[in-house]
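Chain and residue survey
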Amino acid sequence: QGQLVESGGGLVQPGGSLRLSCAVSGSIIRINAMGWYRQVLGKQRELVASIGRSDTVNYADYVKGRFTISRDGAKTTLYLQMNSLKPEDTAVYYCHVLGSQLPLGILRDYWGQGTQVTVSS
């Protein structure tokens with residue numbers, strides 16, 4: 001069973017909105033950073049947005065002003081609100097956590113299974 005489970009992807013028209021959610025397993029007890037990445041077939045996975053341990057938020061230039069990343073206080077759910085979607089936003093979106101399942105364990109990358117977002121008329 002995956003530690004990260006995404007939901008909320010789908011088909012939307014250009015200019016529309018979608019909200020992605022990522023449920024984080026309670027087995028990940030120490031979280032350093034959380035974020036969303038996306039990947040188009042044949043291309044490298046790229047960062048969309050991230051939240052650091054001190055709540056510092058970082059966005060890729062191509063989503064600034066359109067996407068908003070957020071999380072609940074307990075860090076059990078990560079969100080990505082996507083507005084003004086464009087066809088070039090079409091990709092598989094992945095949830096990412098840098099964390100550990102042990103209190104003093106080495107940090108490692110956790111990935112969700114991905115959710116498809118298609119922007120098309």
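An account of the accompanying structure is given in this report. (Residues numbered from 1 in each chain as written. Predicted model: local features only at pLDDT ≥ 70, side-chain atom pairs only at ≥ 80, totals over all residues. Heavy atoms only, no water.)

**Some details on the pairing of strand β1 (residues 4-7)**
Residues Leu4 and Glu6 of β1 are buried on one face, while the alternating residues Val5 and Ser7, pointing to the opposite face, are not. The pairing of β1 with strand β3 (residues 18-24) spans four bridges and is classified as antiparallel. From the neighbouring strand, Glu6 faces β3, where its bridge partner is Cys22. (Buried < 20%, exposed > 50% of the residue type's maximum accessible area, 1.4 Å probe, protein only. Helix = DSSP H or I, 4+ residues; strand = E, 2+ residues; numbered from the N terminus. Pairing = 2+ DSSP bridges.)

**Description of the sheet that holds β1**
Read across the open sheet, the four strands follow the order β1-β3-β8-β7; overall the sheet is antiparallel. Either end of the sheet is taken by a strand with one partner, and the two such strands are β1 and β7 (67-71). Within this sheet the neighbouring strands show an average axis-to-axis angle of 15 degrees, counted without direction. Alignment of β3 against strand β8 (residues 77-82), held across six bridges, turns out to be antiparallel. Counted as the bridge partner of Arg19 is Gln81 from β8. (Axes fitted to C-alpha atoms, helices over the stretch in contact; angles between N-to-C directions.)

**Focus: the pairing of strand β11 (residues 115-119)**
The alternating pattern of β11 places Thr115, Val117 and Val119 on a buried face, while none of Gln116 and Thr118, on the opposite face, is buried. Across three bridges, the pairing between strand β9 (residues 91-100) and β11 is antiparallel. By the bridge assignment, Tyr93 is partnered in β11 with Thr115.

**Some details on the packing of aromatic side chains**
What the rule picks out here adds up to one aromatic pair. With a centroid separation of 5.0 Å and 70 degrees between ring planes, the pair formed by Tyr37 and Trp111 is classed as edge-to-face. Of this pair, Tyr37 sits in strand β4 (residues 30-39) while Trp111 is found in strand β10 (residues 108-111), placing the two residues 74 residues apart along the sequence. You can call Trp111 partly exposed: its relative accessible area is 36%. Arg19 extends its terminal NZ or CZ atom over the ring of Tyr79, reaching a point 4.0 Å from the ring centre. A cation over a ring is seen here: Arg45 above Tyr94, with NZ or CZ 3.7 Å from the ring centre. (Phe/Tyr/Trp six-rings, centres within 6.5 Å; stacked < 30°, edge-to-face > 60°. Lys NZ or Arg CZ within 6 Å of the ring centre and 35° of its normal.)

**Remarks on the state of the cysteines**
Enumeration over the complete set of coordinates arrives at one disulfide. One disulfide in the model links Cys22 with Cys95; its S-S distance is 2.1 Å. Measuring the twist about the S-S bond at about -80 degrees, one finds the Cys22-Cys95 disulfide to be left-handed. On the criterion of sequence distance, the pair formed by Cys22 in strand β3 and Cys95 in strand β9 is long-range, its members being 73 residues apart. Since its relative accessible area comes to 0%, Cys22 is described here as buried. Cys95 gets classed as buried once you look at its relative accessible area, which sits at 0%. (Disulfide = S-S within 2.5 Å.)

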